[in-house]
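Chain residues, written in single-letter form:
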Amino acid sequence: MTGGQRSGAAPVMPGKPSQQGGQSEEVAPQPPLLELENVTRVHGEGQTAVTALDGVTLRVRSGELVAVMGPSGSGKSTLLNLAGGLDRATSGAVRIAGTDLGALRPRDLARLRRRQVGVVFQDLNLIPSLTAAENIGLPLELDGDSLGRSRRNALDALDQLGLRELADRYPDQMSGGQQQRVAIARALVGSRQLVLADEPTGALDSTTGEGVLRVLRQRVDDGAAGLLVTHEARHAAWADRVVFLRDGVVVDTTGVPDTPDTLLEPST
Ligand SMILES: Nc1ncnc2c1ncn2[C@@H]1O[C@H](COP(=O)(O)OP(=O)(O)OP(=O)(O)O)[C@@H](O)[C@H]1O
Ligand SMILES: [Mg+2]
């Protein structure tokens, strides 16, 4: 009797549930939580250089979920890695809550990432020698939480995804889908303001995948900013906006809300 379905909350129109209350008319302009300004990333040098991202400008506000779509090799993971401070731009600026990541020392960047950014990687990156709860609690512990506190938070995050019973299992004792959901719990634990997910539903059946998106959407509605890489239109439908990449360039954006400055600005 686990995985209890919440009564009646079917995502008939998943696109913009963040507006459903209609009572939070923010007057003061909020700076975007995530800002990429004319960002280029070139891998390698000389003849073998690959421009994975080419002059991308993108802003994501708190309470906003942006989906990134595009063919394989178009730069989606590169964009996500740059947004999370896991990779550095060759040129241009990446800011989280106004802080320019390029100006931070490695140790400060690592701290900002632990506190502010939750990432679900395309290849999960769970640590094999740690249980699910330990994997989830690790970033909290690194950030100074006590073992007890980080475990409580880890168990809460597992609860959110209906995975409490996996707490003490190691990654190789879980199915691919379960590992994926643990990786998602790890990204959501604590109070990270920016949640980045690279194909987080790849190994999941469609019902479980929807559940994961629902949790992500909820987290964004609670105030986080989210960036979701996906190949599936029905998953992108959970986002407020969809950005399309091709050959490292933003070629289109849809579902733009009425505030023009949340628009993705073409670089030229
Ligand atoms: N470390 C690297 N060294 C060299 N080239 C790289 C590196 N990482 C990515 N690339 C190249 O940059 C481009 C963008 O890669 P990226 O991983 O961002 O694509 P993607 O859109 O996430 O693709 P997929 O849908 O297959 O995950 C590709 O041409 C890729 O080969
Ligand atoms: Mg990728």
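Above this text sits the structure in question.
Everything numeric here is computed off the predicted structure, so don't read it as measured data.

Peer 1: What is the right way to read the overall build of the protein chain from this model?
Peer 2: Within the protein chain, the regular secondary structure consists of seven helices and 10 strands. Relative to its full complement of 268 residues, the protein chain shows a buried share of 42%. In the protein chain, once contacts between residues fewer than 6 apart in sequence are set aside, the share between residues at least 24 apart is 67%.

Peer 1: Just to check I follow, could you spell out the sheet that holds strand β9 (residues 241–246) for this structure?
Peer 2: Think of a sheet as strands paired side by side through backbone hydrogen bonds, with each pair either parallel or antiparallel. Here we have six strands laid out as an open sheet, ordered β6-β7-β8-β3-β9-β10, and mixed in their pairing. Looking at the sheet topology across the chains shown, the edges are occupied by β6 (117–120) and β10 (249–254). Each strand of the sheet is rotated relative to its neighbour by a mean of 20°, with strand direction disregarded. In this sheet, β10 lies alongside β9 in antiparallel orientation, the contact comprising five bridges. The residue bridging V243 from the neighbouring strand is T253, located in β10. Strands β6 and β7 (194–198) of the sheet are contacted by helix α5 (residues 176–188), whose axis makes an angle of about 170° with β6.

Peer 1: Before we go on, may I ask you to explain the nonpolar core in this structure?
Peer 2: Judged by nonpolar contacts, the single largest core of 66 residues is most densely connected at V68, L158 and A185. In terms of residue count, the dominant contributor to this core is α5 (six residues).

Peer 1: Before we go on, may I ask you to explain the site of ligand 1 in this structure?
Peer 2: Near ligand 1 you find 13 residues, and of these H43, A52, S72, S77 and T78 are the closest. Elements supplying a minimum of two residues to the shell around ligand 1: β2 (50–60) and α1 (76–83). In terms of residue count, α1 provides more of the shell around ligand 1 than any other element does, three residues in total. Grouping the constituent residues of the shell around ligand 1 by class yields two nonpolar, 10 polar and one charged.

Peer 1: When you look at the pairing of β9 in this model, what are you seeing that I'm missing?
Peer 2: Sheet faces and side chains relate simply in a regular strand, where the side chains alternate between the two faces. Sheet topology note: the strand β3 (residues 65–69)/β9 ladder contains four bridges and is parallel. Across the sheet, the residue bridging to V68 is V243, located in β9. In textbook terms, the turn of a hairpin is the stretch between consecutive antiparallel strands, and for β9 and β10 this stretch comprises two residues, one of which, D247, has a positive phi near 50°.

Calculation criteria
Residues numbered from 1 in each chain as written. Chains lettered and ligands numbered in written order. Predicted model: local features only at pLDDT ≥ 70, side-chain atom pairs only at ≥ 80, totals over all residues. Helix = DSSP H or I, 4+ residues; strand = E, 2+ residues; numbered from the N terminus. Buried ≥ 20, exposed ≤ 12 C-beta atoms within 10 Å, placed from the backbone. Contact = placed C-beta atoms within 7 Å. Pairing = 2+ DSSP bridges. Axes fitted to C-alpha atoms, helices over the stretch in contact; angles between N-to-C directions. Core = buried A, V, L, I, M, F, W, Y, C linked by C-beta atoms within 7 Å. Near = placed C-beta within 6 Å. Nonpolar A, V, L, I, M, F, W, Y, C, P; charged D, E, K, R; others polar.

Taken by themselves, the reported measurements are silent on function.
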